[in-house]
Amino acid sequence: MSVSTAAIDPSVCAPLPVLGQDVTVPLVTGGEVTYAALDYAASAPALQRVWDDVAAYAPYYGSVHRGAGYLSQLSTDLFENSRRTVAEFLGCRAEDQVVFTRSTTDSLNLLAAAIPADCQVFVYETEHHASLLPWRDAQVTYLNAPRTPGQAVETLERALADRDPYGPALVCVTGASNVTGELWPVKELAAAAHAHGARIVLDAAQLAPHHPVDIAELDVDWVAFSGHKLYAPFGSGVLAGRADWLQAAEPYLAGGGASRKVARRADGGVDVDWHTTAARHEAGSPNVIGVYSIASACKALTEAGFDNLVAREQELVRRVREGLAQVPEVQVLSLFGDDAPRVGVISFVVRGWNSSHFAAALSAEYGIGVRDGLFCAHPLVRTLLGSDPQDPGECGAPEAEPGERSLNAIRVSFGAGTPDEHIERFLRAVTELVREGAQWKYRTEDGRCVPDRGTAARV
């Protein structure tokens, strides 16, 4: 997969309005500053357009698929129209289903519960835990981290060719790494999977907010993503793709909405006729507001011109990478090398710094929110840091005191709502911290590195 910015002037595309863009936060050194949200890979701020759409609908909120009243009918239409909007956004095929879930994690666990009993699963060790861990009841082959896109395809082809016995198989792969931002060769991996009789699911949690995703063009069997990465509020997600395994599986949750008919038997038991549509795996009262917010985000990104958004983000990626390259102490983490196409997700370590200390200083002294830790991709980060897989370290919890080397990294991530000033402030802050040190002293408290109030480190 490649990103093209030809013939597009990034300057014509302004950042999209997002919630929180005017929020100010206190600095430990005194005063306040507008918050620079540079943790999009964890949760992107909701688009103002999404929030406005939800607010306009809220007075008309009603139960979905459950009532004859006007508000219930309106909410049902809104819910099902949102399904069609998401299907269009993803380029779904006519026979594909769009199932609404709570998140990418929920989507992949749903698929894991639906795979045939004898299915073999192939997953790279580089995956986020959401796609690395759900396959507990399957025969899983974990593939070593590739160092080039071509090696990723070759590794998969060898693994699929060697499988025995030959039966149903599923490949799980990310579209864009939540650690390095690098784009994976999804179309080529899909071709390799299908050539060996396997299916493929795309974890698009980091891809969909930054780059168009087309199921038919990529020729993947399923796509999973989360609303809160796609500029929508928390609590909603999508699994879209082939219907056959989903229709054949027992409902992910048993309850109202998933059943068409329930009747008592003469022996005292219960017979259930389950839906064969997406409703089969959407038991309970649906999260209509979450679903509508995803559809609103899909429309907003499409109407803004995704090509223009991609072009502007690529300019931000270039500026961040070039800025970090000017600081010799900074090591940017990468699997595929400097020339690999990537989205606005960049992880790095700073020589002589504990990553949690550095992230805490960015927040407390500059009002910049980034991420530190292993990013729920422990095997990948440890591989990139050259440490043993058994070395200590866990997401968000520093294992070393400020100033000591840690096994964690720092991640800066941005997207459609990021102002230029936030990028400039981040690069200035990195340079100042490395050259001059932190202005404040820090300590570890409840697993986090925090400012030690009243103890300035630099005069």
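First, a word on scope: everything that follows refers to the structure included in this document. It should be emphasised that the depicted structure is a prediction, and the values quoted were computed from it without experimental measurement.

What to know about helix 1 (residues 48-57)
Regarding helix 1, the residues found buried are V50, D53, V54 and Y57. Projected down its long axis, helix 1 shows its buried positions confined to an angular sector of 95 degrees, all on one face. Where helix 1 is buried, its residues touch helix 2 (70-89) and helix 9 (288-304).

A few points about the pattern of salt bridges
Two side chains of opposite charge can pair, provided their charged atoms sit close to one another. A complete count under the given rule lists 26 salt bridges for this structure. Close ionic contact of D244 with R199 constitutes a salt bridge, the shortest N to O distance being 2.7 Å. Separated by 45 residues along the polypeptide, D244 in helix 8 (residues 244-248) and R199 in strand 8 (residues 199-203) bring together distant segments of the chain. Residue classification places D244 among the partly exposed residues on the basis of a relative accessible area of 31%.

Focus on the sheet that holds strand 14 (residues 345-350)
Reading across the sheet, the 4 strands line up as 13-14-17-16 and stay open at both edges, with antiparallel pairing between neighbours. Whereas interior strands pair on both sides, the edge strands pair on one side only; in this sheet they are strand 13 (330-332) and strand 16 (371-373). Across the sheet, the mean angle separating the axes of adjacent strands is 30 degrees when strand polarity is ignored. Alignment of strand 16 against strand 17 (residues 409-413), held across 3 bridges, turns out to be antiparallel. Directly across from G373, in strand 17, lies its bridge partner A409.

Describing the packing of aromatic side chains
All told, the structure shown has 10 aromatic pairs when counted by the stated rule. Between F348 and F358, the aromatic rings sit 6.4 Å apart at their centres with planes inclined by 90 degrees, giving edge-to-face as the arrangement. Taken together, the positions of F348 in strand 14 and F358 in helix 11 (residues 355-366) put the pair 10 residues apart, joining distant regions of the chain. By relative accessible area, which is 0% here, F348 ends up buried. On the basis of relative accessibility, which here comes to 0%, the residue F358 falls in the buried class. Taken together, the ring pairs connect F348, W353, F358 and F426 into an aromatic cluster. One cation-aromatic arrangement involves R163 over Y166; the distance from NZ or CZ to the ring centre is 4.1 Å.

Considering the side chain of T76
If you trace the backbone, T76 turns up in helix 2. Its relative accessible area of 17% is what places T76 among the buried residues. Apart from residues lying up to four places away in sequence, T76 is in contact with S63, V64 and H65.

Here's the deal with the nonpolar core
If you look at the biggest cluster of nonpolar residues, it comprises 83 residues, and the most contacted ones within it are L90 and F225. For F225, the residues in contact, after removing those within four places along its chain, are V86, L90, S103, T104, S107, A204, A205, A208, L230, G237, V238 and I294. In terms of nonpolar packing, the next biggest core, distinct from the first, is built from 36 residues, V370, F414, F426 and L427 among them.

Digging into the sheet that holds strand 8
Reading across the sheet, the 7 strands line up as 4-10-9-8-7-5-6 and stay open at both edges, with mixed pairing between neighbours. Edge strands, defined here as strands with exactly one partner in the open sheet, are strand 4 (97-101) and strand 6 (139-143). Taken pair by pair, the neighbouring strands of this sheet meet at an average axis angle of 20 degrees, ignoring direction. Direction of pairing for strand 7 (residues 169-174) relative to strand 8: parallel, over a ladder of 5 bridges. Pairing of V173 across the sheet is with L202, part of strand 8. On the sheet, helix 3 (residues 104-114) packs against strand 4, strand 7, strand 8, strand 9 (222-226) and strand 10 (237-241) and is oriented at approximately 150 degrees with respect to strand 9. Contacting strand 5 (120-124), strand 7 and strand 8, helix 6 (residues 186-195) crosses the sheet at an angle of about 155 degrees to strand 8.

Reading the values: the criteria
- Every chain is numbered independently, its residues counted from 1 as its sequence is written.
- With pLDDT at 70 or above as the cut-off, local features in this predicted model cover only qualifying residues; side-chain atom pairs require 80 or more to be listed or tallied, and sums for whole chains, interfaces and linings still use all residues.
- The basis for every side-chain value is the complete set of heavy atoms in the structure, and neither hydrogens nor water enter the calculation.
- Throughout this description, buried means an accessible area under 20% of the type-specific maximum (1.4 Å probe, protein chains only), exposed means over 50%, and partly exposed covers the range between.
- Going along the chain from the N terminus, every DSSP run of H or I of four or more residues is numbered as a helix, and every run of E of two or more is numbered as a strand.
- Directions from the helix axis toward the C-beta atoms define the arc.
- Here, two residues are considered to be in contact whenever any of their heavy atoms come within 4.5 Å of each other.
- Counted as salt bridges are all cases of a side-chain nitrogen of Lys or Arg within 4 Å of a carboxyl oxygen of Asp or Glu.
- Pairing between strands is defined by DSSP: at least two bridges between them are needed.
- Orientation is described by axes fitted as lines to C-alpha atoms, over the contacting stretch for helices, and by angles from 0 to 180 degrees between their N-to-C directions.
- Side-chain rings of Phe, Tyr and Trp (the six-membered ring for Trp) are treated as a pair once their centres are within 6.5 Å; stacked means planes under 30 degrees apart, edge-to-face means over 60, and tilted covers the remaining angles.
- By definition here, charges over rings are those cases where NZ of Lys or CZ of Arg is within 6 Å of the ring centre and within 35 degrees of the ring normal.
- What makes a nonpolar core is a set of buried Ala, Val, Leu, Ile, Met, Phe, Trp, Tyr and Cys residues whose side-chain atoms join them at distances within 4.5 Å.

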